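Fold and geometry: a report
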Amino acid sequence: MSTPLEDYALLADLQTGPLVSRDGSVDWLCFPRFDSPAVFCALLGDESNGRWKLSAVDGHVVSRRYVPDTFVLETEWRTPTGRVRVTDFLPPSDDRGDLIRRVTCLEGTAEVEHDLRFRFDYGKVIPWVRRVQLGNHRPQHPDEARLGDSATEPHPVGTSEEPGRAASNPEITTAGERHGRRPDFKKLLREISARIALSTSRADHGLLAVAGPDALLLTGPDLEPYEEDVEGNPVEVMHREHDPGSDIRVMEGIRRGHRGRFTLHEGEGLDWVLTWSHSYEELPVPADPDSAQRATEDFWRDWASDVESHGEFDGAVSRSLLVLRGLTHARTGGIVAAATAALPEDFGGERNWDYRYTWLRDAALTIQALVEHRHTHGALLWRDWLLRAVAGDPQQLQIMYGVDGRRDLTERELDHLSGYENSRPVRIGNGAVEQYQADVAGEVMMALATLRDADVAENDYSWGLQCNLLGFCELRMDEPDNGIWEMRGEPHFFTHGRVMMWAAFNEGIRAVTEHGLTGDVEHWKRMRDRLHRKIWDKGYNRDLGYFTQTYDNTEVDASLLQLPQTGFIAPDHPAMLRTVERIEHELQGEEGQVWRYRTTDAGTSMDGLSGREYPFLICTFWLVEQYARSGRIEDAQRLMRTTVGFATDLGLLSEEYDVAQHRLAGNFPQAFSHLGLIRAADALLRAQRSGQERVSRVGTATG
């Protein structure tokens, strides 16, 4: 059985998102970027596909937590003789990648152990691993070798700094010192990089793993190589005089890695730093753990200090906003849908997709949430990303792009991986990139309108982009699409998508009439009105009294819960209330959870796939939002409490929840789910405040 998703913690540095299990195993790590090939891939296979486990010998975990308002993970272990704390984190950066693991003995005496298995390219490639000298020390180990002995090897030090002259430690400007003004974000990240830089005198040697363009450098107390056969019996490791390739042993069935045991007494600590670099460039200076931890905690706390929320679900909202920020790439502004690939929507099934890309829809909705919680800076970074990604012919608009805006996301299958819970195929890339989904332009237009309404000025390029998006909508208005759920069956006219098209034109009209921008308002009004008539004629079944999933069927779809968010219909309109009633009847299951749409085991579902799936968390949050906005506050509170309760002890949510097995399912953590939580909590808080104001007014009038 695979490790339950509930046991994983996300680490974040605004470039990638590794997962660390409760028992201390880093089972997923893509360096240097979210969508880079994984260097630890046990999550989608087993430990032979790469991991780094750090645990207490004969110990058990008694608690774990994030340092408040950060992604610094603290895990406390108790052993028969003592107590230790393991601290895991990645310093935020836009130009380096460091995974830092620290151990502190809190009480008595304890022993910790490592099992490190480097496996590049999603667990397929065994790298060349050898010891390297970083300073002027002579080799102390038979397999140590000084970098620079070969013309093909990297620079001997790995930094342009002279030894002992690492960068200074500038302090990071805090929110209070800024008096509410945000600094240049990339400058802030450069300050962090400078603050954590380590003099070469602190790390004189390390363990270097190289395969193709990638290199990983481990510094800290030495780990020793080991080899085992398939039954776990040790195989002698031969240390030979170093030359390129001398220690590469490709033997069928042999498990290779590095391990070590270390004893600590109360008050003692040990640190390890894993640093990524290109194999053909100078080795980077490893991060200094003390400075890096302080800088990391300062960064996240500073960002979280701007979050405003005043309701029952404050903690969940704050963590969800942090997750959305953590899934944003610092250098490009792209927001990934999730940190993982190929985690199944149906355990043991084929619904396994790669979510490490930037969907226009998901990113747009995320931007709305960030702006509403005073984080316009991230929104502007995304707007800049959007302008670059969709530049050119609007007819070539895609629904998703790479984190850097690249268009080629070719889907392929990794046959060497067994899959999470034996769910195959394991896919990377995403074939849905070729789909036409009619709703996307509307969601982007609504997100940019949110920025405008927050008094963020347009520029010629951003408004020109929006005009092009409206042209895109007009050109494809009469073309069926694959819908918000990326159906891999035949295209249809999905009602939700057509309402989002209506919203696109509506926001274009508002931009001109309310914000003074230039555009063909009369033409856009004709397009909007045409869509309005068609939706009521084809997307609303007058005989049944509710909106339907598509123009040509009578089923409902959870995406219909979003119609009021566009302004197309009021949440308490009779047609909307009857649609909600139908969704409750057709799509709501145990504990109030909501499926996206109806599926069947026989492979006859509209999505063209076999098997079923579990309820989608964002769909349930949409229902909470609808309840709150239509006056069903008690129902909203009850369902919200239940659904927020499905989060892990660290406040993380995946895409789906299997109520029967009490397990999270799908890619993890999922931006869409956390976005839904934020919106639902905001809607519930507004409804509660509105009710309190009405009661107050009534009391004042009768008094």
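Per chain, the residues get numbers from 1 upward, laid out in the order the sequence is written. Restriction of local features to residues with pLDDT of at least 70 applies here, the model being predicted, together with a cutoff of 80 or more for giving and counting side-chain atom pairs; totals for whole chains, interfaces and linings are based on all residues. To obtain the side-chain values, all non-hydrogen atoms of the structure were used and water was disregarded.

Let's talk about the overall build of the protein
Put simply, DSSP H or I for four residues or longer makes a helix, DSSP E for two residues or longer makes a strand, and each gets a number counted from the N terminus. Each helix and strand in the protein was counted, giving 15 helices and 25 strands. The classification of residues rests on relative accessible area computed with a 1.4 Å probe and restricted to protein chains. Under 20% of the type maximum is buried, over 50% is exposed, and intermediate values are partly exposed. By residue count, 61% of the 703 residues in the protein fall in the buried class. The contacts in the protein between residues at least 6 apart in sequence include a share of 68% that link residues at least 24 apart. Residue-level accessible areas treat just the shown protein chains as cover; the underlying method is Shrake-Rupley with a 1.4 Å probe. Put simply, the protein shows about 27,000 Å² of open surface, and 46% of that area lies on carbon and sulfur atoms. Contacts were defined at the residue level, with two residues in contact if any of their heavy atoms lie within 4.5 Å.

Observations regarding the pattern of salt bridges
Two side chains bearing opposite charge may form a pair once their charged atoms approach each other closely. Whenever Lys or Arg places a side-chain nitrogen within 4 Å of a carboxyl oxygen from Asp or Glu, that contact is recorded as a salt bridge. What the rule picks out here adds up to 50 salt bridges. One salt bridge connects Arg-83 with Glu-107, and the closest N-O pair in it is separated by 3.3 Å. Note that Arg-83 is positioned in strand β8 (residues 82–89) and Glu-107 in strand β9 (residues 97–117), a separation of 24 residues in sequence. Here Arg-261 and Glu-111 are joined by a salt bridge, their closest N and O atoms 3.7 Å apart. Pair noted here: Arg-261 is in strand β16 (residues 255–265) and Glu-111 is in strand β9, with a separation of 150 residues, a long-range link. Owing to a relative accessible area of 28%, Glu-111 belongs among the partly exposed residues under this scheme.

Comments concerning the packing of helix α6 (residues 360–372) against helix α7 (residues 376–389)
The angle between two axes is taken between their N-to-C directions and runs from 0 to 180 degrees, where each axis is a line fitted to C-alpha atoms and a helix contributes only its stretch in contact. For the pair α6 and α7, interaxial distance at closest approach is 8 Å and the crossing angle is 155 degrees. On the basis of the axis angle, α6 is roughly antiparallel to α7. In this structure, the crossing between α6 and α7 has a hand that is left-handed. Between α6 and α7, the contacting residues are Leu-360, Ala-363, Ala-364, Ile-367 and Val-371 on the first element and Thr-376, Gly-378, Ala-379, Trp-382, Trp-385 and Leu-386 on the second. Classes in brief: Ala, Val, Leu, Ile, Met, Phe, Trp, Tyr, Cys and Pro nonpolar; Asp, Glu, Lys and Arg charged; the others, Gly included, polar. Partitioning the contact of α6 with α7 into residue classes produces nine nonpolar, two polar and no charged. The scheme is simple: roughly parallel for angles under 35 degrees, roughly antiparallel for over 145, roughly perpendicular for 65 to 115, oblique for anything else. Handedness of a crossing follows from how the near helix is turned relative to the far one, being left-handed for an anticlockwise turn of less than a right angle and right-handed for a clockwise one.

Remarks on the packing of aromatic side chains
Pairing of aromatic side chains here covers Phe, Tyr and the six-membered ring of Trp, requires ring centres within 6.5 Å, and sorts the geometry by plane angle: under 30 degrees stacked, over 60 edge-to-face, intermediate tilted. Per the stated rule, a full pass over the model turns up 21 aromatic pairs. With 5.4 Å between their ring centres and 45 degrees between their planes, Phe-347 and Tyr-614 make a pair best called tilted. On the criterion of sequence distance, the pair formed by Phe-347 in the loop between α5 (314–326) and β18 (358–359) and Tyr-614 in the loop between α12 (574–587) and α13 (617–629) is long-range, its members being 267 residues apart. On the basis of relative accessible area, Phe-347 is assigned to the buried category, the value being 17%.

Quick word on α5
Every helix has an expected span of 1.5 Å times one less than the residues it contains. A rise of 1.5 Å per residue sets the reference length of α5, with its 13 residues, at 18 Å; its end C-alpha atoms lie 18 Å apart and thus fit the reference within 8%. Along α5, the residues classified as buried are Val-317, Arg-319, Ser-320, Leu-321, Leu-322, Val-323, Leu-324, Arg-325 and Gly-326.

With respect to the side chain of Glu-345
With respect to the helices and strands, the residue Glu-345 is situated in the loop between α5 and β18. Looking at Glu-345, the relative accessible area reads 2%, which means it is buried. Two N or O atoms count as a polar contact when they lie within 3.5 Å, although within protein this holds only if one can serve as hydrogen donor and the other as acceptor, and sequence-adjacent residues are included solely when both atoms are side-chain atoms. A distance of 3.3 Å separates a polar atom in the side chain of Glu-345 from a polar atom in the side chain of Tyr-355. Other than its neighbours up to four places away in sequence, Glu-345 contacts Arg-351, Asn-352, Trp-353, Tyr-355, Arg-596, Arg-612, Glu-613, Tyr-614, Phe-616, Glu-655, Glu-656 and Gly-666.

A closer look at α6
Its 13 residues place the ends of α6 18 Å apart at the C-alpha level, agreeing with the 18 Å of an ideal helix rising 1.5 Å per residue. Across the 13 residues of α6, twelve count as buried, placing the element largely inside the fold. Those residues of α6 lying buried are Leu-360, Arg-361, Asp-362, Ala-363, Ala-364, Leu-365, Thr-366, Ile-367, Gln-368, Ala-369, Leu-370 and Val-371. Just downstream of α6, Arg-374 is the residue with a positive phi angle, here 75 degrees.

Quick word on the side chain of Asn-352
Within the secondary structure, Asn-352 sits in the loop between α5 and β18. For Asn-352, a relative accessible area of 0% corresponds to the buried category. Within the local environment of Asn-352, its side chain forms a polar contact with the backbone oxygen of Pro-425, the two atoms lying 3.0 Å apart.

Observations concerning the confidence of the model for the protein
Looking at the protein, pLDDT values average 87 and 85% of them are 70 or higher. Scored below 50 in pLDDT, residues 136–182 shows 100 contacts in the model against residues more than four places distant or in partner chains. Confidence over residues 239–252 falls short of pLDDT 50; this stretch has 27 contacts with residues more than four positions distant or in other chains. Residue-level confidence of the predictor is summarised by pLDDT, bounded by 0 at the bottom and 100 at the top.

A look at the environment of Tyr-122
Its location among the elements puts Tyr-122 in helix α1 (residues 120–123). The class for Tyr-122 is buried, based on a relative accessible area of 3%. Linking Tyr-122 and His-416, residues 294 residues apart in sequence, is a C-alpha distance of 9.1 Å. With near-sequence residues (within four places) excluded, Tyr-122 lies in contact with Trp-28, Asp-35, Ser-36, Pro-37, Ala-38, Cys-41, Arg-356, Leu-414, His-416, Leu-417 and Ile-428. Among the polar contacts listed, one links the side chain of Tyr-122 to the side chain of Arg-356, at a separation of 2.8 Å.

Re unusual backbone geometry
Note: most residues except glycine have negative phi, and most peptide bonds are trans. Note the cis peptide between Phe-31 and Pro-32, where omega equals 5 degrees. Unlike most non-glycine residues, Glu-591 shows phi in positive territory, near 55 degrees. Position of Glu-591 among the secondary structure elements: in the loop between α12 and α13. On the basis of relative accessible area, Glu-591 is assigned to the partly exposed category, the value being 42%.

A word on the pairing of strand β14 (residues 224–228)
Within a regular strand, the side chains alternate between the two sheet faces. Two strands are said to pair when DSSP picks up at least two bridges between them. Inspection of the sheet shows β14 paired to β16 by five bridges, in the antiparallel sense. Its bridge partner lying in β16, Pro-225 is registered against His-258.

Re the packing of α7 against helix α9 (residues 460–475)
Relative orientation of the contacting elements α7 and α9 amounts to 60 degrees, with a least axis distance of 10 Å. By the angle between their directions, the pair α7 and α9 is classed as oblique. The way α7 lies across α9 gives a crossing that is left-handed. When α7 is examined against α9, the residues Arg-383, Leu-386 and Leu-387 are found in contact with a partner set consisting of Tyr-461, Ser-462 and Leu-465. Classifying every residue of the contact of α7 with α9 gives four nonpolar, one polar and one charged.

So, the environment of Arg-407
Tracing the chain through its elements places Arg-407 in the loop between β19 (400–401) and β20 (412–413). With relative accessibility at 29%, the residue Arg-407 sits in the partly exposed group. In the structure, Arg-407 is positioned 27 residues away from Glu-434 in sequence and 9.8 Å away in space, judged by C-alpha atoms. Not counting residues up to four positions away in its chain, the partners in contact with Arg-407 are Ala-389, Val-390, Ala-391, Gln-396, Gln-398, Tyr-401 and Val-433. Within the local environment of Arg-407, its side chain forms a polar contact with the backbone oxygen of Ala-389, the two atoms lying 3.3 Å apart. Separated by 2.9 Å, the side chain of Arg-407 and the backbone oxygen of Gln-396 make a polar contact.

Digging into the state of the cysteines
Linking two cysteines covalently through their sulfur atoms gives a disulfide. When two cysteine sulfur atoms lie within 2.5 Å, the pair is treated as a disulfide. Tallied over the entire structure, the rule returns zero disulfides. Not engaged in a disulfide, the cysteine Cys-30 finds its nearest cysteine sulfur in Cys-41; these two sulfurs lie 7.5 Å apart. A relative accessible area of 0% means that Cys-41 is categorised as buried.

Brief notes about the pairing of strand β5 (residues 51–56)
The buried count for β5 comes to five of six residues, which makes it a mostly enclosed element. Sheet topology note: the strand β3 (residues 25–30)/β5 ladder contains two bridges and is antiparallel. Among the inter-strand pairings, Ser-25 is bridged to a residue of β5, identified as Lys-53. In this structure, β5 lies alongside β9, joined through six bridges in antiparallel fashion. The residue bridging Lys-53 from the neighbouring strand is Asp-115, located in β9.

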